[in-house]
Amino acid sequence: MVSRYYRQELLSFIGKEGQKRLSKSAAVIAGLGALGTVAAEILARAGVGKLVIIDRDVVEITDLQRQLLYDESDVGRPKASAAAEKLRKINSEIKIIAVAADVDYKSIAALVGKPDVVLDCTDNLETRFLLNEYCLKNRLLWIHAAAIRETAQLMVFDFRSSSNLPCFACVFGKSAAEGTCDTVGVLNSATAIIAAMQATEAI
């Protein structure tokens with residue numbers, strides 16, 4: 001029987017052994033908006049064995065322009081549970097843990113734990129700085145992505161070997177964001193492209 005990952009296993013940098021590693025890996029995705037939905041779907045289809053998906057919000061009609069896992073029937077539903085339902089239909093072989101909660105100083109250790117990779121798909125600086133601090137302290141690999149208007153950015157912070165490395169706060173300090181998607185808009189192709197790159201880095 002041909003594996004569902006056959007065409008992925010043909011890639012020399014993955015192969016059968018790499019696919020086994022993916023199946024035993026765990027990823028935490030913080031934020032299930034435009035970035036998180038795309039990244040979560042790619043990782044689920046790639047066969048990452050455990051996905052912990054976290055978001056405190058519910059789906060709104062304005063989200064459907066760019067948050068690709070949701071449809072009109074999901075409006076009003078918690079993003080975490082709506083996304084988990086779709087992801088389980090895509091790949092029933094992996095474990096998906098949906099968490100409808102806010103990531104803060106009190107909850108981050110319990111929510112994030114110590115996975116193989118943390119994906120920052122959030123939309124606010126406070127949570128990004130908190131993820132940075134937590135991953136730095138616990139020597140975790142975390143991948144930051146963001147998009148606004150028609151632009152996007154991607155950064156990989158690999159603290160696995162050392163916590164004495166440049167981090168997100170080193171780059172951005174405590175600078176304030178210049179507007180949000182709610183105030184200045186965002187192009188859906190920009191979020192899809194950068195989230196796909198973020199998922200690729202995770203793989």
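Placed above this text is the structure.
Residues numbered from 1 in each chain as written. Predicted model: local features only at pLDDT ≥ 70, side-chain atom pairs only at ≥ 80, totals over all residues. Heavy atoms only, no water.

### Here's the deal with the overall build of the chain
Piece 1. The helix and strand tally for the chain stands at 9 helices and 6 strands.
Piece 2. Compactness check: the chain gives a C-alpha radius of gyration of 16 Å against a globular reference of 17 Å for 203 residues, within 12% of the reference.
Piece 3. Structurally, the chain occupies a C-alpha span of about 50 × 45 × 30 Å along its principal axes.
Piece 4. Counting only residues that meet the buried cut, the chain has 48% of its 203 residues in that class.
Piece 5. Carbon and sulfur atoms make up 53% of the accessible area of the chain, which amounts to about 10700 Å² in all.
Piece 6. Each charge sign in the chain was given a centre, from 24 positive and 24 negative side chains, and these centres are 8 Å apart. (Helix = DSSP H or I, 4+ residues; strand = E, 2+ residues; numbered from the N terminus. Rg over C-alpha atoms; globule rule 2.2 N^0.38 Å. Buried < 20%, exposed > 50% of the residue type's maximum accessible area, 1.4 Å probe, protein only. Areas by Shrake-Rupley, 256 points an atom, 1.4 Å probe, with all protein chains shown as cover. Lys, Arg positive; Asp, Glu negative; His and termini not counted. Charge placed at Lys NZ, Arg CZ, Asp CG, Glu CD.)

### Considerations on the sheet that holds strand β1 (residues 26–30)
Piece 1. What the 6 strands build is an open sheet, ordered β3-β2-β1-β4-β5-β6; its pairing is mixed. Each edge of the sheet is formed by a strand with only one pairing partner; in this case those strands are β3 (95–99) and β6 (151–158). On average, each strand axis in the sheet is inclined to that of its neighbour by 15°, with strand direction left out of account.
Piece 2. Pairing of strand β2 (residues 50–54) with β3 involves 5 bridges; the strand directions are parallel. Bridge pairing in β3 links Ile54 to Val99.
Piece 3. Docked against the sheet, helix α4 (residues 79–90) engages β2 and β3, running at close to 165° with respect to β3.
Piece 4. Sheet contacts for helix α9 (residues 188–202): β4 (117–120), β5 (141–148) and β6; angle to β5, the most-contacted strand, approximately 170°. (Pairing = 2+ DSSP bridges. Axes fitted to C-alpha atoms, helices over the stretch in contact; angles between N-to-C directions. Contact = heavy atoms within 4.5 Å.)

### Observations concerning the packing of aromatic side chains
Any two aromatic rings considered together are summarised by their centre-to-centre distance and by the angle between their planes.
Piece 1. This model, assessed by the stated rule, comprises 6 aromatic pairs.
Piece 2. Where Phe157 meets Phe159, the ring centres are 6.2 Å apart and the plane angle is 25°; that geometry is what we call stacked.
Piece 3. Judged by centre distance (4.7 Å) and plane angle (40°), the ring pair of Phe168 and Phe172 falls under tilted. In this pair, Phe168 and Phe172 both sit in helix α7 (residues 168–172), 4 residues apart, roughly one turn of the helix.
Piece 4. Note on Phe172: relative accessible area 25%, which makes it partly exposed. (Phe/Tyr/Trp six-rings, centres within 6.5 Å; stacked < 30°, edge-to-face > 60°.)

In short, shape yes, function no, at least from these values alone.
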